[in-house]
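The primary structure of each chain is shown beneath.
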Amino acid sequence: MRCVMVQIPNTPASAPPARRSVPTSADVARLAGVSRATVSYVLNNTSAVRISEPTRRRVHEAAKELGYVPHAAARSLRAGHSRMVLMPSPAIPAGPLYARFINELQWALSRLDYTVVQYGTLGPHGEEAARAWAELRPVAVLVPGQGLGPQGVAVLKRSGARAVVTLGPASVEGAHALLMDHAAVGQVAGRHLYERGSRRIGVVTPGEPGLEAYSRPRLDGVRQALHGTDAVVTELPLAYDEEAAAHLAARWRGLGLDGVFTYNDEYAMLLMRALQDEGVRIPEDTAVIGADDLMLGRLLRPRLSTVHLELPSGRELAELVDRAVRDPGAAPERHEVLGAAVVHRDSS
């Protein structure tokens, strides 16, 4: 048997491509023909040092050509704090009104050279949550709703947060407070229904978890507005789904209600559709009023009466954050920020 030996040349394996080094501020300085300090002043928008516009342009062009971006962690170490404003996501369903407010706030803070980072709601609460937020070393924390106590504020401040701002019905010791009185929403809604002739008034309380902090004060506000009158107030628990709305509408005539405040416009749309399917005329049989003044309410037939909520502007809140960051030793500010006014349309 004949054998043939074949020798395979030993070729070296192809070398992996050389890893490009991460560009540094020194690389930007060399390309722009300036010092590293000048690069730092320009890219960090330092206003204390005057730098000519041509120099600024050269630095930005060099950074863009090299793909250089400042190292946020290193910058935080030098400054002793970050430019991060941490905003824990609310532990409740957030509607269009809140989303619009957050977008405006993010834009306003970005104009002041801050970055808003939203923190997920799953996980710890109270002081434990404050410790988790503090690990990120934010310069400010905006806390929606309730749950943060004085100890949590102290944890955040010890970690370097210069400002803690709460948005809710009550203030917290050591924090700036934007106070939102949701009872006023119920008061104006209840008063409106009474003035339009309703005497047996229902108030929808949402079944979604987490909304009690807003729905209970609104219910109490209706009761306060109608205290001492001949009106009767009936609480109407309602889950946010069509089946629950249809079940409530099916027994509506037995309840004998001639007016209803539906907590907000979304619940109003849900309930109105179900009532109309049952042949309940709006407003002839039952007057309906929501809250939030969403555009969709104007597209309904009949057009939805509502309570217009005047939230703080994102610009005003951004300026409060900036003031607090610049002067962390100042006394906490308290602002009443939730205005409520009825917009009367066809449904009431």
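Every value quoted in this text rests on a predicted model; they were computed, and no experiment measured them.

1. Focus on the overall build of the protein chain
Part 1: When helices and strands are counted, the protein chain shows 14 helices and twelve strands.
Part 2: Across the 348 residues of the protein chain, 43% fall into the buried class.
Part 3: Contacts in the protein chain between residues far apart in sequence, at least 24 positions, make up 71% of those at least 6 positions apart.
Part 4: Accessible surface, the protein chain as shown: approximately 19,200 Å² in total, 52% of it carbon and sulfur.

2. Remarks on the environment of D258
Part 1: Structurally, D258 is set in the loop between α11 (252-255) and β8 (259-261).
Part 2: Separated by 61 residues in sequence, D258 and G197 have C-alpha atoms that sit 8.6 Å apart.
Part 3: When residues no more than four places from it in sequence are discounted, the contact partners of D258 are G197, S198, R199, R200, I201, D285, T286 and A287.

3. Remarks on the nonpolar core
Part 1: With 42 residues, the main nonpolar core has V85, L109, L142, F261, V307, L317 and V321 as its most contacted residues.
Part 2: When near neighbours in sequence (up to four residues on either side) are disregarded, V321 contacts V85, L109, A140, L142, A163 and V165.
Part 3: One finds V204, L238, V280 and I282 within the second-largest nonpolar core, a separate group that totals 23 residues.

4. Points about the sheet that holds strand β5 (residues 176-179)
Part 1: An order of β2-β1-β3-β4-β5-β11 is seen for the six strands of this open sheet, with the pairing classed as parallel. What marks the edges here is a single partner per strand, and that holds for β2 (115-119) and β11 (334-336). Strand-to-strand, the axes of this sheet are offset by a mean angle of 15°, without reference to chain direction.
Part 2: Pairing of β5 with β11, which is carried by three bridges, proceeds in the parallel orientation. When the sheet's bridge partners are listed, A177 is paired in β11 with R334.

5. So, the packing of helix α5 (residues 96-111) against helix α14 (residues 314-326)
Part 1: For the pair α5 and α14, the least separation of the axes is 8 Å and the interaxial angle reads 50°. Judged by the inter-axis angle, α5 sits oblique to α14. Of the two possible hands of crossing, α5 and α14 adopt the one that is right-handed. Where α5 abuts α14, its residues F101, E104, L105, A108 and L109 lie against G314, R315, L317, A318 and V321.
Part 2: Of the residues contributing to the contact of α5 with α14, the split by class is seven nonpolar, one polar and two charged.

6. Some details on the environment of T229
Part 1: Its location among the elements puts T229 in the loop between α9 (212-226) and β7 (232-238).
Part 2: Between the C-alpha atoms of T229 and R199, which are 30 residues apart in sequence, the distance is 8.9 Å.
Part 3: A polar side-chain atom of T229 sits 2.7 Å from the main-chain carbonyl oxygen of L226.

7. Digging into the pattern of salt bridges
Working definition: two side chains of opposite charge can pair if their charged atoms are close together.
Part 1: Within this structure, the stated rule accounts for twelve salt bridges.
Part 2: One salt bridge connects R131 with E127, and the closest N-O pair in it is separated by 3.0 Å. With a gap of four residues between them, R131 and E127 both fall in helix α6 (residues 126-134), about one helical turn apart.
Part 3: We note a salt bridge from R315 to E319, for which the minimum N-O separation is 3.3 Å. Here R315 and its partner E319 are both found in helix α14, four residues apart, which amounts to about one turn of the helix.
Part 4: On the accessibility criterion, R315 (45% relative accessible area) is partly exposed.

8. Details of the pairing of strand β6 (residues 200-206)
Part 1: Among the seven residues of β6, six are classified as buried, and the element is accordingly described as predominantly covered.
Part 2: Direction of pairing for β6 relative to β7: parallel, over a ladder of seven bridges. Note that in β7 the partner of R200 across the bridge is V232.
Part 3: Two elements, β6 and β8, share three bridges in a ladder whose sense is parallel. Following the sheet pairing, I201 is matched in β8 by G259.

9. Observations regarding the packing of aromatic side chains
Part 1: In total, this model carries two aromatic pairs according to the counting rule given.
Part 2: The ring of Y194 has R199 lying over it, and the distance from NZ or CZ to the ring centre is 3.7 Å.
Part 3: A cation over a ring is seen here: R218 above Y263, with NZ or CZ 4.7 Å from the ring centre.

10. Section: unusual backbone geometry
Part 1: For the peptide bond that leads from I282 to P283, omega is 10°, which places it in the cis range.
Part 2: Counting through the fold element by element, P283 comes out in the loop between α12 (265-277) and β9 (287-289).
Part 3: A positive phi angle is found at D113, which is not glycine, with a value near 70°.
Part 4: With respect to the helices, strands and loops of the structure, D113 is situated in the loop between α5 and β2.

11. Points about helix α10 (residues 242-250)
Part 1: A245, L248 and A249 are the residues of α10 that are buried. Looking down the long axis of α10, one finds its buried residues gathered within 100° of arc, a one-sided arrangement. Among the exposed residues of α10, those pointing more than 90 degrees away from its buried face are E243, H247 and A250.
Part 2: Put simply, D241 is the residue that caps the front of α10, since its side-chain oxygen is 3.1 Å from the backbone nitrogen of E243.

Rules behind the numbers
- Residues numbered from 1 in each chain as written.
- Predicted model: local features only at pLDDT ≥ 70, side-chain atom pairs only at ≥ 80, totals over all residues.
- Heavy atoms only, no water.
- Helix = DSSP H or I, 4+ residues; strand = E, 2+ residues; numbered from the N terminus.
- Buried < 20%, exposed > 50% of the residue type's maximum accessible area, 1.4 Å probe, protein only.
- Contact = heavy atoms within 4.5 Å.
- Areas by Shrake-Rupley, 256 points an atom, 1.4 Å probe, with all protein chains shown as cover.
- Core = buried A, V, L, I, M, F, W, Y, C linked by side-chain atoms within 4.5 Å.
- Pairing = 2+ DSSP bridges.
- Axes fitted to C-alpha atoms, helices over the stretch in contact; angles between N-to-C directions.
- Parallel < 35°, antiparallel > 145°, perpendicular 65-115°, else oblique.
- Left-handed = near helix turned anticlockwise from the far one by under 90°.
- Nonpolar A, V, L, I, M, F, W, Y, C, P; charged D, E, K, R; others polar.
- Polar contact = N/O pair within 3.5 Å; in protein donor to acceptor, adjacent residues only side chain to side chain.
- Salt bridge = Lys/Arg side-chain N within 4 Å of Asp/Glu carboxyl O.
- Phe/Tyr/Trp six-rings, centres within 6.5 Å; stacked < 30°, edge-to-face > 60°.
- Lys NZ or Arg CZ within 6 Å of the ring centre and 35° of its normal.
- Arc of directions from axis to C-beta.

In short, the description is geometric, and any link to function would need to be established separately.
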